[in-house]
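Chains, contacts and geometry: an overview
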Amino acid sequence: MATPNNVTPTNCSWWPISALENDAGKSTEGEENQDPTDPALKSQDRLVLYHWTQSFSSQKVRLVIAEKGLPCEERDVSMPLMEHKEPWFMRLNLGEEVPVIIHRDNIISDYNQIIDYMEKNFTGENIIQLIPEPGSQLHSRVLQYRELLDSLPMDAYTHGCILHPELTTDSMIPKYATAEIRRHLANASTDLMKLDHEEEPQLSEPYLSKQKKLMAKILEHDNVNYLKKILGELGMVLDQIEAELEKRKLEYQGQKCELWLCGCVFTLADVLLGATLHRLKFLGLSKKYWEDGSRPNLQSFFDRIQKRFAFRKVLGDIHTTLLSAVVPNAFRLVKRKPPSFFGASFLMGSLGGMGYFAYWYLKKKYI
(Lines give C-alpha, C1' and ligand atoms only; values in the text may rest on other atoms or scores of the structure.)
Protein backbone atom coordinates (compact mmCIF):
# COMPACT_ATOMS: atom_id res chain seq x y z
CA MET A 1 0.00 0.00 0.00
CA ALA A 2 1.21 3.51 -0.74
CA THR A 3 2.15 5.70 2.16
CA PRO A 4 1.37 9.43 2.45
CA ASN A 5 3.49 11.67 0.22
CA ASN A 6 4.78 8.59 -1.59
CA VAL A 7 4.81 8.30 -5.36
CA THR A 8 6.04 4.72 -5.44
CA PRO A 9 3.68 2.62 -7.63
CA THR A 10 1.19 0.62 -5.63
CA ASN A 11 -1.95 -1.31 -6.43
CA CYS A 12 -4.68 1.09 -5.36
CA SER A 13 -7.48 0.04 -7.71
CA TRP A 14 -9.68 -0.58 -4.68
CA TRP A 15 -9.58 3.02 -3.49
CA PRO A 16 -12.09 4.87 -5.69
CA ILE A 17 -14.59 2.08 -4.98
CA SER A 18 -14.13 2.53 -1.24
CA ALA A 19 -14.68 6.25 -1.57
CA LEU A 20 -17.82 5.76 -3.58
CA GLU A 21 -19.28 3.32 -1.11
CA ASN A 22 -18.72 5.82 1.70
CA ASP A 23 -20.61 8.46 -0.29
CA ALA A 24 -17.87 10.91 0.62
CA GLY A 25 -16.45 13.41 -1.81
CA LYS A 26 -18.89 12.21 -4.43
CA SER A 27 -19.04 14.32 -7.55
CA THR A 28 -22.11 13.16 -9.44
CA GLU A 29 -22.50 15.97 -11.94
CA GLY A 30 -23.08 14.36 -15.29
CA GLU A 31 -22.25 10.85 -14.05
CA GLU A 32 -25.74 9.51 -14.67
CA ASN A 33 -25.51 10.50 -18.34
CA GLN A 34 -22.05 9.02 -18.93
CA ASP A 35 -21.79 6.22 -21.45
CA PRO A 36 -20.22 3.20 -19.67
CA THR A 37 -18.68 2.15 -23.01
CA ASP A 38 -16.79 5.45 -23.27
CA PRO A 39 -13.09 4.50 -23.66
CA ALA A 40 -12.14 7.44 -21.43
CA LEU A 41 -13.81 5.72 -18.49
CA LYS A 42 -11.76 2.59 -19.01
CA SER A 43 -8.44 4.33 -19.55
CA GLN A 44 -5.60 3.36 -17.27
CA ASP A 45 -4.57 7.01 -17.35
CA ARG A 46 -7.65 8.09 -15.42
CA LEU A 47 -6.77 10.87 -13.00
CA VAL A 48 -8.76 11.11 -9.76
CA LEU A 49 -8.42 14.17 -7.55
CA TYR A 50 -9.62 14.39 -3.96
CA HIS A 51 -9.89 18.06 -3.01
CA TRP A 52 -11.91 20.69 -1.19
CA THR A 53 -13.22 23.70 -3.08
CA GLN A 54 -11.81 26.27 -0.67
CA SER A 55 -8.46 24.56 -0.02
CA PHE A 56 -5.74 26.86 -1.39
CA SER A 57 -3.47 23.96 -2.31
CA SER A 58 -6.40 22.22 -4.00
CA GLN A 59 -7.18 25.33 -6.01
CA LYS A 60 -3.61 25.51 -7.30
CA VAL A 61 -3.59 21.84 -8.30
CA ARG A 62 -6.97 22.19 -10.02
CA LEU A 63 -5.67 25.22 -11.93
CA VAL A 64 -2.66 23.21 -13.12
CA ILE A 65 -4.94 20.36 -14.26
CA ALA A 66 -7.23 22.81 -16.08
CA GLU A 67 -4.37 24.69 -17.74
CA LYS A 68 -2.91 21.39 -18.99
CA GLY A 69 -6.36 20.35 -20.23
CA LEU A 70 -6.28 17.00 -18.44
CA PRO A 71 -9.47 14.96 -18.01
CA CYS A 72 -9.90 14.51 -14.28
CA GLU A 73 -12.51 12.97 -12.01
CA GLU A 74 -12.87 15.37 -9.07
CA ARG A 75 -14.16 14.24 -5.68
CA ASP A 76 -14.92 16.92 -3.12
CA VAL A 77 -13.74 16.12 0.43
CA SER A 78 -15.67 18.56 2.59
CA MET A 79 -13.55 19.91 5.42
CA PRO A 80 -16.50 21.66 7.14
CA LEU A 81 -18.20 18.24 7.26
CA MET A 82 -14.94 16.74 8.59
CA GLU A 83 -14.70 14.22 5.75
CA HIS A 84 -10.91 14.59 5.75
CA LYS A 85 -10.94 13.06 9.25
CA GLU A 86 -12.95 10.01 8.33
CA PRO A 87 -11.11 6.65 8.37
CA TRP A 88 -11.51 6.08 4.62
CA PHE A 89 -9.65 9.32 3.84
CA MET A 90 -7.06 8.94 6.60
CA ARG A 91 -6.06 5.60 5.06
CA LEU A 92 -5.43 7.53 1.87
CA ASN A 93 -3.51 10.32 3.62
CA LEU A 94 -2.74 10.14 7.34
CA GLY A 95 -1.94 13.84 7.16
CA GLU A 96 -5.69 14.46 6.67
CA GLU A 97 -4.94 17.02 4.00
CA VAL A 98 -6.11 17.66 0.48
CA PRO A 99 -5.33 17.52 -2.37
CA VAL A 100 -4.59 13.88 -3.12
CA ILE A 101 -4.44 12.37 -6.59
CA ILE A 102 -4.67 8.80 -7.81
CA HIS A 103 -3.21 7.96 -11.20
CA ARG A 104 -2.68 4.40 -12.38
CA ASP A 105 -1.18 2.68 -9.32
CA ASN A 106 0.14 5.87 -7.74
CA ILE A 107 -1.25 7.78 -4.78
CA ILE A 108 0.32 11.22 -4.32
CA SER A 109 -0.67 13.29 -1.30
CA ASP A 110 1.88 16.11 -1.30
CA TYR A 111 0.97 19.32 -3.11
CA ASN A 112 4.39 19.95 -4.67
CA GLN A 113 4.86 16.31 -5.64
CA ILE A 114 1.45 16.33 -7.33
CA ILE A 115 2.45 19.24 -9.57
CA ASP A 116 5.85 17.73 -10.39
CA TYR A 117 4.22 14.37 -11.10
CA MET A 118 1.74 15.88 -13.56
CA GLU A 119 4.46 17.87 -15.32
CA LYS A 120 6.56 14.71 -15.71
CA ASN A 121 3.84 12.23 -16.64
CA PHE A 122 1.45 14.33 -18.73
CA THR A 123 3.30 15.56 -21.79
CA GLY A 124 2.51 15.83 -25.47
CA GLU A 125 2.05 18.15 -28.38
CA ASN A 126 -1.30 19.46 -27.12
CA ILE A 127 -0.44 19.57 -23.41
CA ILE A 128 1.05 22.78 -22.09
CA GLN A 129 4.22 22.44 -20.01
CA LEU A 130 4.06 24.86 -17.10
CA ILE A 131 7.66 24.28 -15.99
CA PRO A 132 10.14 25.05 -18.81
CA GLU A 133 13.06 22.79 -19.65
CA PRO A 134 15.98 23.04 -17.20
CA GLY A 135 18.94 25.15 -18.16
CA SER A 136 17.03 28.14 -19.49
CA GLN A 137 16.61 31.55 -17.89
CA LEU A 138 12.85 31.03 -18.00
CA HIS A 139 13.21 27.81 -15.99
CA SER A 140 15.26 29.58 -13.31
CA ARG A 141 12.70 32.36 -13.02
CA VAL A 142 9.81 29.93 -12.68
CA LEU A 143 11.58 28.00 -9.92
CA GLN A 144 12.44 31.25 -8.14
CA TYR A 145 8.87 32.47 -8.05
CA ARG A 146 7.45 29.05 -7.35
CA GLU A 147 9.54 28.91 -4.19
CA LEU A 148 8.69 32.50 -3.23
CA LEU A 149 4.92 32.20 -3.74
CA ASP A 150 4.66 28.78 -2.13
CA SER A 151 6.48 30.13 0.94
CA LEU A 152 3.73 32.65 1.69
CA PRO A 153 1.82 31.64 4.87
CA MET A 154 -1.60 31.62 3.23
CA ASP A 155 -3.20 29.69 6.10
CA ALA A 156 -2.06 32.43 8.49
CA TYR A 157 -3.48 35.14 6.21
CA THR A 158 -6.77 33.24 5.98
CA HIS A 159 -7.19 32.48 9.68
CA GLY A 160 -5.95 35.94 10.64
CA CYS A 161 -8.32 37.80 8.34
CA ILE A 162 -11.26 35.71 9.53
CA LEU A 163 -10.41 36.39 13.18
CA HIS A 164 -9.50 40.06 12.63
CA PRO A 165 -11.80 41.43 9.91
CA GLU A 166 -10.95 44.97 11.02
CA LEU A 167 -7.71 44.62 9.05
CA THR A 168 -9.56 43.89 5.80
CA THR A 169 -11.69 45.87 3.34
CA ASP A 170 -14.70 44.35 1.55
CA SER A 171 -13.85 40.82 2.68
CA MET A 172 -15.94 38.09 1.09
CA ILE A 173 -15.96 36.11 4.34
CA PRO A 174 -19.28 36.43 6.24
CA LYS A 175 -19.20 37.73 9.80
CA TYR A 176 -20.60 34.50 11.21
CA ALA A 177 -17.35 32.74 10.23
CA THR A 178 -15.43 34.71 12.87
CA ALA A 179 -17.84 33.67 15.61
CA GLU A 180 -17.77 30.05 14.39
CA ILE A 181 -13.99 29.72 14.42
CA ARG A 182 -13.79 31.34 17.86
CA ARG A 183 -16.39 28.90 19.15
CA HIS A 184 -14.35 26.06 17.68
CA LEU A 185 -11.23 27.30 19.47
CA ALA A 186 -13.09 27.58 22.78
CA ASN A 187 -14.37 23.99 22.50
CA ALA A 188 -11.15 22.51 21.10
CA SER A 189 -9.85 21.00 24.34
CA THR A 190 -13.19 19.36 25.14
CA ASP A 191 -13.57 18.03 21.61
CA LEU A 192 -10.12 16.43 21.68
CA MET A 193 -10.98 14.61 24.89
CA LYS A 194 -14.17 13.21 23.34
CA LEU A 195 -12.54 11.81 20.21
CA ASP A 196 -13.47 8.18 19.82
CA HIS A 197 -11.56 5.97 17.38
CA GLU A 198 -12.13 2.59 18.93
CA GLU A 199 -12.98 1.09 15.55
CA GLU A 200 -9.79 2.49 14.02
CA PRO A 201 -7.22 2.56 16.85
CA GLN A 202 -4.29 2.77 14.41
CA LEU A 203 -5.56 6.20 13.34
CA SER A 204 -5.92 7.72 16.82
CA GLU A 205 -2.37 8.94 17.36
CA PRO A 206 -1.91 10.80 14.04
CA TYR A 207 -5.44 12.20 14.31
CA LEU A 208 -4.91 13.67 17.80
CA SER A 209 -1.46 14.95 16.93
CA LYS A 210 -2.81 16.73 13.86
CA GLN A 211 -5.62 18.38 15.82
CA LYS A 212 -3.31 19.67 18.54
CA LYS A 213 -0.96 21.17 15.95
CA LEU A 214 -3.90 22.78 14.12
CA MET A 215 -5.23 24.38 17.29
CA ALA A 216 -1.79 25.73 18.19
CA LYS A 217 -1.43 27.14 14.68
CA ILE A 218 -4.79 28.93 14.75
CA LEU A 219 -4.04 30.40 18.18
CA GLU A 220 -0.81 31.82 16.77
CA HIS A 221 -2.70 33.26 13.81
CA ASP A 222 -5.09 34.97 16.24
CA ASN A 223 -2.21 37.21 17.37
CA VAL A 224 -2.95 40.54 15.70
CA ASN A 225 0.66 41.72 15.99
CA TYR A 226 1.85 38.56 14.23
CA LEU A 227 -0.76 39.11 11.52
CA LYS A 228 0.34 42.71 10.95
CA LYS A 229 3.95 41.54 10.73
CA ILE A 230 3.32 38.91 8.05
CA LEU A 231 1.02 41.25 6.10
CA GLY A 232 3.87 43.76 6.05
CA GLU A 233 6.19 41.06 4.72
CA LEU A 234 3.56 40.19 2.10
CA GLY A 235 3.69 43.79 0.90
CA MET A 236 7.43 43.47 0.30
CA VAL A 237 6.92 40.26 -1.70
CA LEU A 238 4.29 41.97 -3.86
CA ASP A 239 6.69 44.90 -4.37
CA GLN A 240 9.24 42.41 -5.73
CA ILE A 241 6.65 40.90 -8.08
CA GLU A 242 5.52 44.36 -9.22
CA ALA A 243 9.12 45.19 -10.09
CA GLU A 244 9.53 41.86 -11.92
CA LEU A 245 6.45 42.53 -14.03
CA GLU A 246 7.88 45.96 -14.89
CA LYS A 247 11.13 44.28 -15.99
CA ARG A 248 9.17 42.09 -18.42
CA LYS A 249 7.69 45.20 -20.05
CA LEU A 250 11.16 46.63 -20.63
CA GLU A 251 12.65 43.27 -21.66
CA TYR A 252 10.05 42.64 -24.36
CA GLN A 253 9.44 46.26 -25.36
CA GLY A 254 8.32 46.47 -28.97
CA GLN A 255 7.56 42.75 -29.22
CA LYS A 256 4.05 41.50 -29.84
CA CYS A 257 3.40 38.96 -27.12
CA GLU A 258 1.33 38.62 -23.98
CA LEU A 259 3.56 39.28 -21.00
CA TRP A 260 3.47 37.13 -17.88
CA LEU A 261 5.56 37.03 -14.74
CA CYS A 262 8.58 35.21 -16.19
CA GLY A 263 8.31 36.09 -19.86
CA CYS A 264 6.07 35.70 -22.91
CA VAL A 265 5.13 32.16 -21.89
CA PHE A 266 2.42 31.32 -19.35
CA THR A 267 4.00 29.17 -16.63
CA LEU A 268 3.46 27.64 -13.21
CA ALA A 269 4.60 30.93 -11.66
CA ASP A 270 1.56 32.63 -13.20
CA VAL A 271 -0.77 29.91 -11.92
CA LEU A 272 0.56 30.41 -8.39
CA LEU A 273 0.46 34.20 -8.56
CA GLY A 274 -3.09 34.17 -9.94
CA ALA A 275 -4.29 31.83 -7.19
CA THR A 276 -2.57 33.97 -4.57
CA LEU A 277 -4.16 37.21 -5.77
CA HIS A 278 -7.56 35.52 -5.95
CA ARG A 279 -7.28 34.41 -2.32
CA LEU A 280 -6.09 37.85 -1.17
CA LYS A 281 -9.05 39.42 -2.98
CA PHE A 282 -11.41 36.98 -1.25
CA LEU A 283 -9.90 37.85 2.15
CA GLY A 284 -10.41 41.57 1.61
CA LEU A 285 -6.77 42.55 1.03
CA SER A 286 -6.84 43.59 -2.64
CA LYS A 287 -7.59 47.25 -1.94
CA LYS A 288 -4.61 47.38 0.39
CA TYR A 289 -2.16 45.80 -2.03
CA TRP A 290 -3.09 46.70 -5.62
CA GLU A 291 -6.56 48.13 -6.16
CA ASP A 292 -5.43 51.40 -4.56
CA GLY A 293 -3.24 52.02 -7.63
CA SER A 294 0.01 51.31 -5.80
CA ARG A 295 0.90 48.29 -7.95
CA PRO A 296 -0.53 48.81 -11.48
CA ASN A 297 1.35 45.87 -13.02
CA LEU A 298 -0.15 43.54 -10.44
CA GLN A 299 -3.60 44.95 -11.18
CA SER A 300 -3.11 44.39 -14.91
CA PHE A 301 -1.87 40.85 -14.32
CA PHE A 302 -4.89 39.98 -12.16
CA ASP A 303 -7.32 41.46 -14.70
CA ARG A 304 -5.80 39.34 -17.49
CA ILE A 305 -5.49 36.06 -15.64
CA GLN A 306 -9.13 36.20 -14.52
CA LYS A 307 -10.12 36.01 -18.19
CA ARG A 308 -8.31 32.72 -18.81
CA PHE A 309 -10.58 29.74 -19.38
CA ALA A 310 -8.89 27.58 -16.73
CA PHE A 311 -9.11 30.33 -14.14
CA ARG A 312 -12.83 30.90 -14.79
CA LYS A 313 -13.48 27.16 -14.79
CA VAL A 314 -11.78 26.48 -11.46
CA LEU A 315 -12.30 29.66 -9.45
CA GLY A 316 -15.19 31.30 -11.26
CA ASP A 317 -16.44 34.74 -10.29
CA ILE A 318 -14.82 35.97 -7.08
CA HIS A 319 -18.28 36.92 -5.77
CA THR A 320 -19.57 33.33 -5.98
CA THR A 321 -16.58 31.69 -4.28
CA LEU A 322 -18.28 31.39 -0.90
CA LEU A 323 -21.52 30.01 -2.32
CA SER A 324 -19.59 27.32 -4.20
CA ALA A 325 -18.44 25.96 -0.84
CA VAL A 326 -21.49 26.55 1.35
CA VAL A 327 -24.34 25.30 -0.83
CA PRO A 328 -23.00 21.78 -1.57
CA ASN A 329 -22.10 21.28 2.10
CA ALA A 330 -25.56 22.27 3.29
CA PHE A 331 -27.30 19.78 1.03
CA ARG A 332 -24.79 16.99 1.66
CA LEU A 333 -25.23 17.49 5.38
CA VAL A 334 -28.97 16.99 5.10
CA LYS A 335 -28.46 13.92 2.91
CA ARG A 336 -26.11 12.29 5.39
CA LYS A 337 -28.52 12.90 8.33
CA PRO A 338 -26.00 13.85 11.04
CA PRO A 339 -26.95 14.35 14.73
CA SER A 340 -29.81 16.78 14.86
CA PHE A 341 -28.09 19.47 16.96
CA PHE A 342 -25.00 19.65 14.81
CA GLY A 343 -27.01 19.38 11.62
CA ALA A 344 -29.38 22.16 12.59
CA SER A 345 -26.55 24.42 13.75
CA PHE A 346 -24.51 23.93 10.61
CA LEU A 347 -27.46 24.27 8.25
CA MET A 348 -28.74 27.42 9.93
CA GLY A 349 -25.24 28.88 9.94
CA SER A 350 -24.78 28.01 6.26
CA LEU A 351 -28.11 29.49 5.23
CA GLY A 352 -27.48 32.55 7.37
CA GLY A 353 -24.10 32.99 5.73
CA MET A 354 -25.63 32.65 2.26
CA GLY A 355 -28.25 35.24 3.14
CA TYR A 356 -25.64 37.63 4.42
CA PHE A 357 -23.45 37.07 1.38
CA ALA A 358 -26.34 37.54 -1.06
CA TYR A 359 -27.30 40.81 0.64
CA TRP A 360 -23.71 42.04 0.56
CA TYR A 361 -23.25 41.15 -3.10
CA LEU A 362 -26.51 42.74 -4.26
CA LYS A 363 -25.78 45.85 -2.22
CA LYS A 364 -22.33 46.22 -3.78
CA LYS A 365 -23.64 45.62 -7.29
CA TYR A 366 -26.89 47.57 -7.39
CA ILE A 367 -26.93 50.07 -4.55
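Structure: see above.
Below, the structure is looked at part by part. (Residues numbered from 1 in each chain as written. Predicted model: local features only at pLDDT ≥ 70, side-chain atom pairs only at ≥ 80, totals over all residues. Heavy atoms only, no water.)

**Observations regarding the packing of helix H6 (residues 137-150) against helix H11 (residues 268-283)**
One way to put it is that H6 packs onto H11 with a least axis distance of 8 Å and a crossing angle of 25°. The pairing of H6 with H11 is recorded here as roughly parallel in orientation. Where H6 crosses over H11, the two elements pack in a sense that is left-handed. Packed against H6, whose contacting residues are Val142, Tyr145, Arg146, Leu149 and Asp150, the element H11 presents Leu268, Ala269, Leu272, Leu273 and Thr276 at the interface. (Axes fitted to C-alpha atoms, helices over the stretch in contact; angles between N-to-C directions. Helix = DSSP H or I, 4+ residues; strand = E, 2+ residues; numbered from the N terminus. Parallel < 35°, antiparallel > 145°, perpendicular 65-115°, else oblique. Left-handed = near helix turned anticlockwise from the far one by under 90°. Contact = heavy atoms within 4.5 Å.)

**With respect to the packing of aromatic side chains**
Considering all chains together, one arrives at three aromatic pairs under this definition. When the ring of tryptophan 290 is compared with that of phenylalanine 302, the centres are 5.5 Å apart and the planes differ by 70°; the resulting orientation is edge-to-face. Linking tryptophan 290 in the loop between helix H12 (286-289) and helix H13 (296-305) with phenylalanine 302 in helix H13, this pair joins segments that are 12 residues apart in sequence. By relative accessible area, tryptophan 290 is classed as buried at 1%. Judged by its relative accessible area of 2%, phenylalanine 302 falls in the buried class. Among the aromatic residues, those joined into a ring-pair cluster are Trp260, Phe266 and Phe301. One residue, arginine 304, lies across the ring of tryptophan 260, its end atom 4.6 Å from the ring centre. Sitting above the plane of the phenylalanine 266 ring, arginine 308 keeps its charged end 3.6 Å from the centroid. (Phe/Tyr/Trp six-rings, centres within 6.5 Å; stacked < 30°, edge-to-face > 60°. Buried < 20%, exposed > 50% of the residue type's maximum accessible area, 1.4 Å probe, protein only. Lys NZ or Arg CZ within 6 Å of the ring centre and 35° of its normal.)

**Regarding unusual backbone geometry**
With an omega of 5°, the peptide bond running from valine 98 to proline 99 counts as cis. Its location among the elements puts proline 99 in the loop between helix H4 (87-92) and strand E3 (100-103). The phi dihedral of arginine 104 is positive, around 55°, even though this residue is not glycine. Take arginine 104: it is sitting in the loop between E3 and strand E4 (106-108).

**Considering the nonpolar core**
Membership of the largest hydrophobic core comes to 69 residues, with the highest contact counts inside it found for Met118, Tyr157, Ile241, Leu268 and Leu280. Tallying contributions element by element places H11 first for this core, with 10 residues. Dropping the residues within four chain positions of it, leucine 268 is found in contact with Val64, Ile115, Leu130, Ile131, Val142 and Arg146. By size, the runner-up hydrophobic cluster in this structure holds nine residues, among which are Val48, Tyr50, Trp52 and Ile102. (Core = buried A, V, L, I, M, F, W, Y, C linked by side-chain atoms within 4.5 Å.)

**Brief notes about the pairing of E3**
Judged by which residues are buried, E3 turns out to be covered on both faces: Val100 and Ile102 on one side and Ile101 and His103 on the other are all buried. Inspection of the sheet shows strand E1 (residues 47-51) paired to E3 by four bridges, in the antiparallel sense. Bridging across to E3, valine 48 finds its partner in isoleucine 102. As paired strands, E3 and E4 are joined by three bridges and run antiparallel to one another. Note on E4: the bridge partner recorded for histidine 103 is asparagine 106. Hairpin connection, E3 to E4: the antiparallel pair is bridged by two residues, and arginine 104 has positive phi, about 55°. (Pairing = 2+ DSSP bridges.)

**Thoughts on the pairing of E1**
Taken across its five residues, E1 has five buried, putting it largely inside the fold. Going residue by residue along E1, you find Leu47, Leu49 and His51 tucked away on one face and Val48 and Tyr50 tucked away on the opposite face as well.

**Thoughts on the pattern of salt bridges**
Counted by the stated rule, this structure contains 18 salt bridges. Here arginine 295 and aspartate 239 are joined by a salt bridge, their closest N and O atoms 2.9 Å apart. Taken together, the residues span a long stretch of sequence, with arginine 295 in the loop between H12 and H13 and aspartate 239 in helix H10 (residues 224-251) at a distance of 56 residues. Given the relative accessible area of 9%, arginine 295 is considered buried. Classification of aspartate 239 by relative accessible area gives partly exposed; the value is 42%. Notably, a salt bridge pairs glutamate 244 with arginine 248, separated by 2.6 Å at the nearest N-O pair. Of this pair, glutamate 244 and arginine 248 are both found in helix H10, four residues apart, which corresponds to roughly one turn of the helix. Of the residues examined, glutamate 244 reaches a relative accessible area of 9% and is grouped as buried. Connected through salt bridges with shared partners, the residues Arg141, Glu244, Lys247, Arg248 and Glu251 form a single ionic network. (Salt bridge = Lys/Arg side-chain N within 4 Å of Asp/Glu carboxyl O.)

**Looking at the side chain of asparagine 106**
With respect to the helices and strands, asparagine 106 occurs in strand E4. Reaching out from asparagine 106, the side chain makes a polar contact with the side chain of tyrosine 117 at a distance of 2.7 Å. (Polar contact = N/O pair within 3.5 Å; in protein donor to acceptor, adjacent residues only side chain to side chain.)

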